[in-house]
Amino acid sequence: MNIRALVGALLIFADYAQAQQLLDQTEDLLRLKSRDGLFDSQLTGLLDLEGYYVDQRPPGLLYEDESFFNPRLSLFVDMTLGSHFYGFLQARLDRGFDPGEKNFEARLDEYLVRWTPWNDSRLNLQFGKFATVVGSWVQRHDSWQNPLITAPLPYENLTPVSDEYLPASSTYFLARRHVPDMKDSWLPVIWGPVYATGWGLFGSIGKFDYAFDLKNAAISSPPYSWELNESLWSYPTFSGRVGFRPGPAWNHGISFSVGPYLSADAVDELPPGKGLGDYNQITLDYDVSYAWRSWQLWGEVFLNRFEVPSVGNADLLAYYLEAKYKITSGFYAAARWNQELFGTIKDAVGSPETWGNDIFRVDLALGYRFTRHLQSKLQYSFGRRNGPLQQGEQLVAAQITVRF
Amino acid sequence: MTNQVLQLGLQFRPALLPIYVGTFVAFPNGDGLYHSVFSYSKPKRFDLGRYRKEDRPAPTVLFDKPGIVKLYCDIHQHMRAVILVLDTPYFTHTTNGVYRLANLPAGDFLLKAWIDEKHVYQKPVRLKPGQRLDVDFDLN
């Protein structure tokens, strides 16, 4: 079946009442519950069909060439054992963790076990491979909840900092501003939801909530470093978020993350006497959201520092503001303004130079929810960097999601 | 005539509301957090967005076409309810299985017992002037 036929079939499916009823009933069919109610499990999923067209070499964490098709099947299993134990799995079939990265891959992206000692939500402890606590976008990053198709800029734009190729001096580091991003070795501020492995604890007390985790990889680290491995506790990253909800409309949060970001491949390139643990990524983030009637607004601002060997501190500020407005019961519009502003380092003669090309990007999207199980989105983005080197100034993306 | 479906304790109350076509229904939020009531059912598509307990008047919706309207909350996925929009004014709602329909005109009717979408029972009845009928449904 070609893509056009598949999309056509999905649209017909959207209006087919029996199909909707079938999907409604599927929720019950995919639930497994013991007679005494002690064990309960629910399988749910998202099927995404998305396509991208980019006018130049794709930016950030989009791989492939100018245009490509990126299907993705995500399966989620929620399990409870009594009222104190919970388990979760997320498995995916797709073209790699980031769009277009590979031809085909099956992965277990998340798994965790959680213990809740009390009957309320004041404390929860968990171990596994799960999303970071930093920021607020991660909590709404799946295709059903994200009003746009792409992630905000801080979550996907690659900076010239690498976890494995270390610059010999600031001159070499500054030269990276003039070359296209190296997708296999450069790092963003935060790599999507960062499903790294480790321990977490979280809870809520009154109008406050908190979450902390101790993970095996920095928040900028690439997906291959998130897996459970022998070096789990060699160079841990500690992250946390404290949230405050003064009322239903507002939500504020302050996050931090501190931990080494260099990979083991960088050991041989380190300056004499230095180890991987001497170079940290330090991040502070403030997030805020507001909702009322048909409006939802979100914003985040990151202050990030990479301690770069032979260079010093490479600082940057990144932020985004995002809005969604429901025009009718199914139709909505969304917009996001993103910016990354790079700090300065000293060049070979001691003069300050910005270590990256400042960038802005505006994302606009229209979405339509046909039913509780079918949604479509169309996104246009325009971005621009300082300097002559541009990457994917214009992007058009379309996405159809079936939720079951 | 206005009926209401209250959101309280993270539940819709009542979970089943039969109304006559052309009725307004109010959707007050009784919880200290947001709800976002919507329906994509063919007889009535609507999305009320997010509103607080203090926001008054509560949003109302006119149900002007007969049919089954399924209600959901966009924030709390377990919340479900049904509004049964009927094209007859002769209906009642029971929680214990005992029902009574009064002041009916004489004539031939199709009496229906609606449990849920999958379980609808019906019987033809003929009602003479001044007559009282006892009609039971065997749900087994």
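Residues numbered from 1 in each chain as written. Chains lettered and ligands numbered in written order. Predicted model: local features only at pLDDT ≥ 70, side-chain atom pairs only at ≥ 80, totals over all residues.

### Quick word on the overall build of chain A
Point 1. Assigned secondary structure in chain A consists of three helices and 21 strands.
Point 2. The C-alpha radius of gyration computed for chain A amounts to 22 Å, which stays within 12% of the reference 22 Å derived for 404 residues, consistent with globular compactness.
Point 3. Along the longest, intermediate and shortest principal axes, the C-alpha atoms of chain A span 70 × 50 × 40 Å.
Point 4. Scored against the burial criterion, the 404 residues of chain A give a buried share of 37%.
Point 5. Excluding contacts between residues fewer than 6 apart, the proportion of contacts in chain A whose partners are at least 24 apart in sequence is 60%. (Helix = DSSP H or I, 4+ residues; strand = E, 2+ residues; numbered from the N terminus. Rg over C-alpha atoms; globule rule 2.2 N^0.38 Å. Buried ≥ 20, exposed ≤ 12 C-beta atoms within 10 Å, placed from the backbone. Contact = placed C-beta atoms within 7 Å.)

### Regarding the overall build of chain B
Point 1. The helix and strand tally for chain B stands at zero helices and 12 strands.
Point 2. Ordered by position in the sequence, the α and β elements of chain B form the string β-β-β-β-β-β-β-β-β-β-β-β.
Point 3. Out of the 140 residues in chain B, the part that is buried amounts to 22%.
Point 4. By sequence separation, contacts in chain B at least 24 residues apart represent 45% of the contacts at least 6 residues apart.

### Notes on the sheet that holds strand β6 (residues 35-41) of chain B
Residues and elements named next belong to chain B.
Point 1. An order of β4-β10-β9-β6-β7 is seen for the five strands of this open sheet, with the pairing classed as mixed. Both edges of this open sheet fall to β4 (16-20) and β7 (44-51), since each of them pairs with a single strand only. Adjacent strand axes in the sheet meet at a mean angle of 20 degrees when their direction is disregarded. (Pairing = 2+ DSSP bridges. Axes fitted to C-alpha atoms, helices over the stretch in contact; angles between N-to-C directions.)

### Quick look at the nonpolar core
Point 1. Core analysis: the biggest nonpolar cluster contains 39 residues, and I190 and V194 of chain A have the highest contact counts within it.
Point 2. At the level of secondary structure, the elements contributing two or more residues to this core comprise α3 (170-175), β8 (186-187), β14 (295-308) and β15 (312-326) of chain A.
Point 3. When residues of this core are assigned to their parent elements, the largest contribution, four residues, is made by β15 of chain A.
Point 4. Those residues within four positions of I190 of chain A in sequence are excluded, and the remaining contacts are V134, G135, P154, Y155, I219 and S220 of chain A.
Point 5. Residues V5, V25, L48 and L71 of chain B belong to the second largest nonpolar core, which totals 20 residues. (Core = buried A, V, L, I, M, F, W, Y, C linked by C-beta atoms within 7 Å.)

### What to know about the pairing of β7 of chain B
Residues and elements named next belong to chain B.
Point 1. Most of β7 sits out of view: six of its eight residues are buried.
Point 2. Here β6 pairs with β7 via six bridges, running antiparallel. Its bridge partner lying in β7, S39 is registered against F46.
Point 3. Between β6 and β7, which pair antiparallel and follow one another directly, the connecting turn spans two residues.

### Section: the interface of chain A and chain B
Point 1. Contact with chain A, which involves 10 residues of that partner, is made by 12 residues of chain B.
Point 2. Among the residues making up the side of chain A that touches chain B, the classes are represented as three nonpolar, four polar and three charged. (Nonpolar A, V, L, I, M, F, W, Y, C, P; charged D, E, K, R; others polar.)

### Some words on the pairing of strand β12 (residues 250-260) of chain A
Residues and elements named next belong to chain A.
Point 1. As judged from the seven bridges shared by strand β11 (residues 237-244) and β12, these two strands associate in the antiparallel manner. Across the sheet, the residue bridging to F244 is H252, located in β12.
Point 2. With antiparallel pairing between neighbouring strands as the criterion, β11 and β12 make up a hairpin whose turn holds five residues.
Point 3. In this structure, β12 lies alongside strand β13 (residues 280-292), joined through 11 bridges in antiparallel fashion. Note on β13: the bridge partner recorded for H252 is V288.

### Side note on the environment of F331 of chain A
Point 1. Among the structural elements, F331 of chain A can be located in strand β16 (residues 331-342).
Point 2. Taking the C-alpha atoms as reference, F331 of chain A lies 21 Å from S289 of chain A; in sequence the two are 42 residues apart.

### Remarks on unusual backbone geometry
Point 1. Put simply, R13 of chain B and P14 of chain B share a cis peptide bond, and its omega is 0 degrees.
Point 2. Summarising the element assignment, P14 of chain B is placed in the loop between β3 (11-13) and β4.
Point 3. Here the amide bond leading from R56 of chain B into P57 of chain B is cis, since omega sits at 0 degrees, within 30 degrees of zero.
Point 4. Tracing the chain through its elements places P57 of chain B in the loop between β7 and β8 (60-63).
Point 5. One non-glycine residue, R293 of chain A, lies in the positive phi region at around 50 degrees.
Point 6. Secondary-structure assignment places R293 of chain A in the loop between β13 and β14.

### Considering the environment of T44 of chain A
Point 1. In this fold, T44 of chain A is placed in strand β2 (residues 39-54).
Point 2. The residues touching T44 of chain A, leaving out its near neighbours within four places in the chain, are L30, F76 and F404 of chain A.

### Some points on the confidence of the model for chain B
Point 1. Per-residue confidence for chain B gives a mean pLDDT of 93, with 99% of residues at or over 70.
Point 2. In the model output, the complex is listed with pTM 0.90 alongside ipTM 0.85. (pLDDT = per-residue confidence, 0-100.)

### Observations concerning the environment of Y319 of chain A
All names here are of chain A.
Point 1. With respect to the element layout, Y319 can be found in strand β15.
Point 2. A tally of 19 C-beta atoms within 10 Å means that Y319 is categorised as partly exposed.
Point 3. Between the alpha carbons of Y319 and D285 there is a distance of 9.2 Å; along the sequence they are 34 residues apart.
Point 4. Aside from chain neighbours lying at most four places away, what touches Y319 is E300, V301, F302 and Q339.

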